[in-house]
Amino acid sequence: MIFVLKPGVAQPKIDDFAQRLEERGFKTFLSTGTEHTVVCLIGNTASIDMDAVVETNDIVEYGRRVTEPYKAVNRNVHPADTMVKVGEVVFGQGMFQVISGPCSVESEEQIIAVARSVKASGATLLRGGAFKPRTSPYAFKGLQEEGLRLLLLAKRETGLPIVTEVMNQTQLPLFEDIDVIQIGARNMQNFDLLREVGRFNKPVLLKRGLANTLEELLMSAEYILSEGNNQVILCERGIRTFETATRNTLDISAVPLLKQKSHLPVIVDPSHAAGLRGLVSPLARAAVAVGADGLMIETHNDPANALSDGAQSLDLLQFDVLMQDLKARIEFEGKCLGN
Ligand code: PEP
Ligand code: MN
């Protein structure tokens, strides 16, 4: 249940209203919009007489029951788009960001070369896996702490903020200087990890699980917001279906659906969706057309010899060609690339 307050109510009155609801056994959180503050009530609200609350509290404009299980991420609770700020770089509210870089950080030469090139092409954040979740225990697991160090070196060289994946909560202290914490598809329902990143006070990129519904994705985001961190970017990266021609199936309708249901920014990762570099550009264009707030695209200076995901990685020239093509499309959608 939510109570939308009248415009301009003073904070002490809001706090007092929320506290009285908490005394009745509910958890509350506030969503502050440009005009209205919304008080959201979590718990079994069946016992609450909503109309009586509205009538007896003159700061309340109206109440509404939120039937979806996700509350904090719900567009009904927070009608305006949430802006996720990574320094100067903003996701949401008409801004469009492109995260690019290799699947795995492999060496200093590699990450610096890729970072410089993708920046020149127009990418606004650098990605690169330092801790890699791999299906085979014998596959390359990433350079780990050394990988994080190299990413920060690339940031110093180019100024690009860094997006990289954390695999478990014990690694989090190593991520203090990382700009965006990625939760990978395989960890989308690692609820302890979600809680920890909810307390970590850094933007989170939450990828959809391999076989998870949109409601499950939103519930995972809810874990992070319910710990006090609303800086969450959702990422559609393809789901498992009966189709084997592609690595996964890009669920393009996820983008407008997520944006209808939630106020969080939504980006698309066409690389992991397709698994094939020839599909990355068409899928990226589709993502722009359906209203995504950004893209994550794997790039490599030598895809044929990449230690992971070479088949889906664009080389640096292919990425440049794609970016030149996307710029006009992003503008056509009324969005603005960069900051
Ligand atoms: C990745 O982005 O490197 C990655 C492992 O992606 P996903 O979790 O979507 O498979
Ligand atoms: Mn990858």
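Residues numbered from 1 in each chain as written. Chains lettered and ligands numbered in written order. Predicted model: local features only at pLDDT ≥ 70, side-chain atom pairs only at ≥ 80, totals over all residues. Heavy atoms only, no water.

Q: Would you mind showing me how to read the coordination of the manganese ion (ligand 2) here?
A: Working reference: metal with six octahedral donors, ideal angles 90 or 180 degrees; metal with four tetrahedral donors, ideal angle 109.5 degrees. Taken together, the protein ligands of the manganese ion (ligand 2) are Cys103 (SG), His272 (NE2), Glu298 (OE) and Asp309 (OD), with distances of 2.0 to 2.4 Å. Taken in sequence order, the residues that donate to the manganese ion (ligand 2) follow the motif C-x168-H-x25-E-x10-D. Residue Glu298 is located in strand E14 (residues 294-298), and its partner Asp309 is located in the loop between E14 and helix H10 (316-332); the two are separated by 11 residues in the primary sequence. (Donors = N, O, S within 2.8 Å, 3.2 Å for Na, K, Ca; no water. Helix = DSSP H or I, 4+ residues; strand = E, 2+ residues; numbered from the N terminus.)

Q: Hey, could you run me through the pattern of salt bridges in this one?
A: Think of it this way: side chains of opposite charge can pair up when their charged atoms draw near. Taken as a whole and assessed by the stated rule, the structure comprises 16 salt bridges. A salt bridge links Arg195 to Glu227; the shortest N-O distance between them is 3.5 Å. Of this pair, Arg195 sits in helix H5 (residues 191-198) while Glu227 is found in the loop between helix H6 (214-226) and strand E12 (232-236), placing the two residues 32 residues apart along the sequence. Put simply, Glu227 and Arg199 hold a salt bridge, and the shortest N to O gap is 3.1 Å. Of this pair, Glu227 sits in the loop between H6 and E12 while Arg199 sits in the loop between H5 and strand E11 (204-207), placing them 28 residues apart in sequence. Several salt bridges converge on common partners, so that one network encompasses Arg195, Glu196, Arg199 and Glu227. (Salt bridge = Lys/Arg side-chain N within 4 Å of Asp/Glu carboxyl O.)

Q: Is there a simple way to explain the side chain of His300 in this structure?
A: If you trace the backbone, His300 turns up in the loop between E14 and H10. Residue His300 is classed as buried on the basis of its relative accessible area, which comes to 3%. Within the structure, the side chain of His300 is placed 2.8 Å from the backbone nitrogen of Asp302, a separation counted as a polar contact. Apart from residues no more than four positions distant in its own chain, His300 is found in contact with Pro102, Glu106, Gln110, Val114, Ala306, Ser313, Leu314, Asp315 and Leu316. (Buried < 20%, exposed > 50% of the residue type's maximum accessible area, 1.4 Å probe, protein only. Polar contact = N/O pair within 3.5 Å; in protein donor to acceptor, adjacent residues only side chain to side chain. Contact = heavy atoms within 4.5 Å.)

Q: Which parts of the structure should I look at to understand the layout of surface pockets?
A: Where empty space is left becomes clear once a probe the size of a water molecule has been rolled over the atoms. Considering only enclosed or pocket space, the largest pocket measures out at about 420 Å³ in volume. Phe29, Leu30, Ala72, Leu225 and Ser226 are, among the 22 residues lining the largest pocket, the residues nearest its centre. Residue assignment for the lining of the largest pocket shows that the elements contributing at least two residues are strand E2 (27-32) and H6. Of the residues forming the lining of the largest pocket, the biggest block, 6 residues, is contributed by E2. Grouping the amino acids of the lining of the largest pocket by side-chain chemistry returns 9 nonpolar, 10 polar and 3 charged. Each of domain 1 (2-64) and domain 2 (84-337) accounts for three or more of the residues forming the lining of the largest pocket. (1 Å grid on protein atoms, 1.4 Å probe; cavity = no way out; pocket = protein on both sides within 12 Å on 5 of 7 lines; lining within 4 Å. Points joined across faces, edges and corners; volume = space filled by probe spheres on them. Nonpolar A, V, L, I, M, F, W, Y, C, P; charged D, E, K, R; others polar. Domains from an automatic or database assignment.)

Q: Help me understand the packing of aromatic side chains, please; the structure alone is not making it clear to me.
A: The geometry of an aromatic ring pair is captured by the separation of the ring centres together with the interplanar angle, meaning the angle of the planes. If you walk through the whole model with that rule in mind, you get 3 aromatic pairs. Look at Phe3 and Phe17: their rings are 5.8 Å apart centre to centre, the planes differ by 80 degrees, and that puts the pair in the edge-to-face class. On the criterion of sequence distance, the pair formed by Phe3 in strand E1 (residues 2-5) and Phe17 in helix H1 (residues 11-23) is long-range, its members being 14 residues apart. When its relative accessible area of 0% is taken as the criterion, Phe3 is described as buried. Aromatic pair Phe191 and Tyr223: ring centres 4.7 Å apart, planes at 25 degrees, arrangement stacked. Of this pair, Phe191 sits in helix H5 while Tyr223 is found in helix H6, placing the two residues 32 residues apart along the sequence. (Phe/Tyr/Trp six-rings, centres within 6.5 Å; stacked < 30°, edge-to-face > 60°.)

Q: Before we go on, may I ask you to explain the confidence of the model for the protein chain in this structure?
A: Note that predicted coordinates carrying low pLDDT should not be read in detail. In the predicted model, the protein chain carries a mean pLDDT of 96, and the fraction of residues at 70 or more is 100%. Mean pLDDT across the secondary structure elements of the protein chain bottoms out at E2, with 86, and peaks at E12, with 99. (pLDDT = per-residue confidence, 0-100.)

Q: Would you mind going over the sheet that holds E2 with me for this structure?
A: Sheets are built from strands that pair by backbone hydrogen bonding, the pairs being arranged parallel or antiparallel. Taking strand neighbours across the sheet as the criterion, the 4 strands line up as E2-E3-E1-E4 in an open arrangement whose pairing is antiparallel. At either end of the open sheet lies a strand with only one pairing partner, and these are E2 and strand E4 (60-64). Along the sheet, successive strands turn relative to each other by an average axial angle of 20 degrees, direction set aside. Of the pairings in the sheet, the one linking E1 to E4 comprises 4 bridges and is antiparallel in character. When the bridges of E4 are listed, Phe3 appears paired with Gly63. Relative to the sheet, H1 contacts E1, E2, strand E3 (37-42) and E4, its axis offset from that of E2 by approximately 155 degrees. (Pairing = 2+ DSSP bridges. Axes fitted to C-alpha atoms, helices over the stretch in contact; angles between N-to-C directions.)

Q: Please clarify how unusual backbone geometry should be interpreted in this entry.
A: Comment: phi is negative for the bulk of residues other than glycine, and the bulk of peptide bonds are trans. Here the phi dihedral of Gln93 falls at roughly 50 degrees; this positive angle occurs in a residue that is not glycine. Tracing the chain through its elements places Gln93 in the loop between strand E6 (89-91) and strand E7 (95-101). Of note, Asp309 is a non-glycine position whose phi angle comes to about 55 degrees, a positive value.

Q: Explain the domain arrangement of the protein chain here, please?
A: Reports of interface size often rely on the accessible area that becomes lost once the parts have come together. Each assigned domain of the protein chain is listed here: domain 1 (2-64) and domain 2 (84-337). Taking only C-alpha atoms, the centre of domain 1 and the centre of domain 2 are 36 Å apart.

Q: Help me understand the pairing of E12 in this model?
A: A regular strand places its side chains on the two faces of the sheet in alternate fashion. For E12, a buried count of 5 out of 5 residues is recorded, marking the element as mostly surrounded by other parts of the structure. Judged by which residues are buried, E12 turns out to be covered on both faces: Val232, Leu234 and Glu236 on one side and Ile233 and Cys235 on the other are all buried. The sheet contact formed by E11 and E12 spans 4 bridges and is parallel. Looking at the pairing, Val204 lines up with Val232 of E12.

Q: Explanation requested: helix H7 (residues 254-261) in the structure shown.
A: Among all positions in H7, only Ala254, Val255, Leu258 and Lys259 are buried. Buried residues of H7 fall within an arc of 125 degrees about the axis and therefore sit on the same side. Turning to H7, the residues buried within the fold contact H6, E12 and strand E13 (266-268). (Arc of directions from axis to C-beta.)

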